[in-house]
Every structure is written in structure tokens, then in C-alpha cells.
Amino acid sequence: MYGKRLRTLALTTFAALTLTLVLAFFWAPNDADQGFLQKIFYIHVPLAIVTLCGFIYGGVAAIAHLRTHDSRWDMRSYVAIHLSLVFGVGVLITGSIWAKGSWGVWWDWSEPTLVSFLLIMLLYATYQPLRFAIEDPERQARYASVFAITAGAFVPINFVIVRLSTAYLHPRVLGNVSANLPGRFQVVFYLSLVSIALLWITLWRYEMTSKHASAQLRALRRLLAGEDEEQLPRRSAVPTLSLETASAGSAEGGGGAR
Amino acid sequence: MIPLHDAVPYVAAAYTVFFALILLYLAIMSGKLGRIERELGELTELAARRGAGAGDRDEP
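Here the structure is a predicted model, which means the values were calculated and not measured.

## A look at the overall build of chain B
The helix and strand inventory of chain B stands at one helix and zero strands. For chain B, the C-alpha atoms occupy an extent of roughly 90 × 10 × 10 Å along the three principal directions. When burial is assessed residue by residue, chain B has 8% of its 60 residues classed as buried.

## A closer look at the overall build of chain A
Helix and strand content of chain A: nine helices and zero strands. Listing each helix as α and each strand as β along chain A from the N terminus yields α-α-α-α-α-α-α-α-α. Taking all 258 residues of chain A together, 38% fall into the buried category. Partitioning the contacts of chain A with sequence separation of at least 6, the portion at a separation of at least 24 is 78%.

## Some thoughts on the confidence of the model for chain B
Put simply, chain B has an average pLDDT of 85, and 90% of its residues get 70 or more. Prediction confidence for the complex, expressed as pTM and ipTM, is 0.85 and 0.81 respectively.

## Notes on the confidence of the model for chain A
Summary statistics for chain A give a mean pLDDT of 85 and a share of 82% for residues scoring 70 or more. Per-residue pLDDT, averaged within each element of chain A, yields its smallest value for helix α7 (residues 177-180) of chain A (52) and its largest for helix α2 (residues 41-68) of chain A (96).

## Some remarks on the packing of α2(A) against helix α3 (residues 71-102) of chain A
Residues and elements named next belong to chain A. It is at 8 Å that the axes of α2 and α3 come closest, and there the two elements cross at 160 degrees. The angle between α2 and α3 places the two elements in the roughly antiparallel class. α3 is crossed by α2, and the crossing has left-handed handedness. Classifying every residue of the contact of α2 with α3 by side-chain character gives 16 nonpolar, 12 polar and two charged.

## Re unusual backbone geometry
Even without being glycine, H69(A) reaches a positive phi, approximately 60 degrees. As for its placement among the helices and strands, H69(A) is situated in the loop between α2 and α3.

## Some words on α2(A)
Residues and elements named next belong to chain A. Between the first and last C-alpha of α2 there are 40 Å, a value that for 28 residues agrees with the 40 Å anticipated at 1.5 Å per step. Of all the 28 residues making up α2, 20 are buried; the element is thus mostly covered by neighbouring parts of the structure. Once α2 ends, the next one or two residues include H69, with phi positive near 60 degrees.

## Observations regarding the packing of α2(A) against helix α6 (residues 137-164) of chain A
All names here are of chain A. The contact between α2 and α6 brings their axes to 8 Å, and the two run at 140 degrees. Classified by the angle between their axes, α2 and α6 sit oblique to one another. Seen along the crossing, α2 lies across α6 with a hand that is left-handed. Contacts between α2 and α6 involve L52, F55, I56, G58, G59, A62, I63, H65 and L66 on the former and, on the latter, A141, S145, A148, I149, A151, G152, A153, V155, P156 and F159.

## Points about the environment of A237(A)
Residue and element names in this part refer to chain A. Here A237 lies in the loop between α8 (183-225) and α9 (243-252). On the basis of neighbour counts, which here come to 16 C-beta atoms within 10 Å, the residue A237 falls in the partly exposed class. Each C-alpha atom, one on A237 and one on W27, is 45 Å from the other, the two residues being 210 residues apart in sequence. If sequence neighbours within four positions are ignored, A237 has contacts with Q128, R131 and F132.

## A closer look at the nonpolar core
Formed by 58 residues in total, the largest nonpolar core has its most connected members in I40(A), W200(A), Y10(B) and A14(B). Breaking this core down by element, the ones donating at least two residues are α1 (2-26), α2, α3, α4 (112-125), α6 and α8 of chain A together with α1 (4-58) of chain B. Broken down by element, this core gets its largest block of residues, 13 residues, from α2(A). When sequence neighbours within four positions are dropped, the list of residues in contact with W200(A) reads V50(A), G54(A), L83(A) and F87(A).

Calculation rules
- Residues numbered from 1 in each chain as written.
- Chains lettered and ligands numbered in written order.
- Predicted model: local features only at pLDDT ≥ 70, side-chain atom pairs only at ≥ 80, totals over all residues.
- Helix = DSSP H or I, 4+ residues; strand = E, 2+ residues; numbered from the N terminus.
- Buried ≥ 20, exposed ≤ 12 C-beta atoms within 10 Å, placed from the backbone.
- Contact = placed C-beta atoms within 7 Å.
- pLDDT = per-residue confidence, 0-100.
- Axes fitted to C-alpha atoms, helices over the stretch in contact; angles between N-to-C directions.
- Parallel < 35°, antiparallel > 145°, perpendicular 65-115°, else oblique.
- Left-handed = near helix turned anticlockwise from the far one by under 90°.
- Nonpolar A, V, L, I, M, F, W, Y, C, P; charged D, E, K, R; others polar.
- Expected span 1.5 Å × (residues − 1).
- Core = buried A, V, L, I, M, F, W, Y, C linked by C-beta atoms within 7 Å.

What follows is the structure in C-alpha cells.
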């Protein structure tokens, strides 16, 4: 049942991404200032928005973990942060390519949006090493949740601070939508945002399914090997799920990933 | 306005990076899926051996 839903979601994502690409290149006109280079924004900006939302979701899931002590929430938070880091790398690279084309430089340290995003990425780059440094799974999950909440709260604060800063060099896509994104630009931009968000959700569910299957297999292996051979799991940054928890998660549909 | 012939390589590079990143992620996940499949095979074998062992003990 769960696999069928994932397949439907994956097909919807594929269709949405294809439509976005077709509209972006063959329907939306070239920007008066940026020209064809502006097409980069249809992936760069939605990627950035979805990345930041993913980090915030990681924090929300971490709050749920601390409240319920249910390790499935820790897994949700872990996968969200992990996936957002991958998307964040895409944001940094596509942003640099755009900067080179538009400004003539790959990076500008005086530009607050770029530097603040890099800071967020560096902050989250410490998440996996933090988890790996703690051997006890319960303590690891607790500390990681505290980190995810703190860092998740930093994301919107950082966003507001950058908006309030006066040295604007970076184009504002969502600052004043009606003024900055007329007609077809707006349609394609929002479609692109939906497509990238769907992509994030699909990959998140895909990874959740994989993690739950691995957890179930590990637990089954321990069961089949017998109680005497039961060992502590080897040190890993990945959250630990018991057989009951993993089974419950799968029954829910990949840890509630409906 | 930035000329089209100047902008095309940058746009192509950005979209290539995006799709390459997604494909790389999927390739890594496929590797993990392969490992799960292998482990599942081992567990099935282990369960079958246990089943056969239990059957031998039940026989008079």
C-alpha cells in the first residue's frame, strides 16, 4: 500500500518537474534585465526555499521527538536535515553559477544572502558529526533533537535579519512578488516551487522507507540470531529504531509519511 | 541584458548540477536498496535453515 503511494507521488513529481522545465524554457519570456540567465532562478530560488523549510521541519520533528520520546520522530528529523543538506549544496552551486554569469564572480563575501545561507549550511554540516560523536543511541537522539530545534529556530531568524539589512545586491524574488515577478514569470516560479517541494517530499519518503526497512532487517537479524547473540548496534549517525517501532512506522506508511 | 550566447552555458551548467545531484542521491539510495535486498536474502536463508533444523528434530 505504501509503495503504491510512493510511486504515485514520484510520478506526480516527475510530471510537475517536466511541466516546469517546458514552461520555463518555452513559455516564460526572458527577463528584461537578466535575459536568459534568469532561468536559473526557477531552480535556484525554489531549492533555497525548500531547503530552509526542510531544516525548519527537522526542528519541528525534533520537538515532537523530545515531547513523545518516539524515535520515529528522530528519524523524520534526521532524514529531513540530511535531505535538506543535499538540496542546500544544490543551492550553493547553482547560486554561484548564476553569480558568475551575472556579477562576474563565483562568490561575493559582502552579499548578506549568500553568506547567511553558507552559515546555515555550515551549521547543519555539524549535525552528522555531532550524532556520530555520541555512542549511546538515546543520548544521541536527545542531543540531536536539541541541535535540530536550535538550528531550526535560527533559520527564520537569520532570514529576517538578512531581509532587514540594507545592503541589497541579491535580487529579491519574493520581496514584492507582484512588482518583481509579473505574469508568466510568477506562474512558472510557483509551479517550480511546488515541483521542487514535491521532489523533496518524494525523496524524503523514499529515504524514510529505506531507513525503516533497514531497521526492520537489523531487528529481525537480532531476533533470528537469538537472544544470546544480541549485540548493541555499531556506532552510527543514523537513528536507531526497534523492531516494534520500525514495524509501526511501516504500517503507518513510512513513519507517518503519508 | 546579458546576451543569450553568454547566458546559455551558465543556465546549462546550473540545470546539469541540479539533475546530477538528484541522480547521485538516487544512485546512493539504490546502493542502499541493494544492501537491504542482500541482507533480506541472508535472513531468508537463515530462516529456511532454522525451519529445516526444526523439521529434523520433529521427525521420530
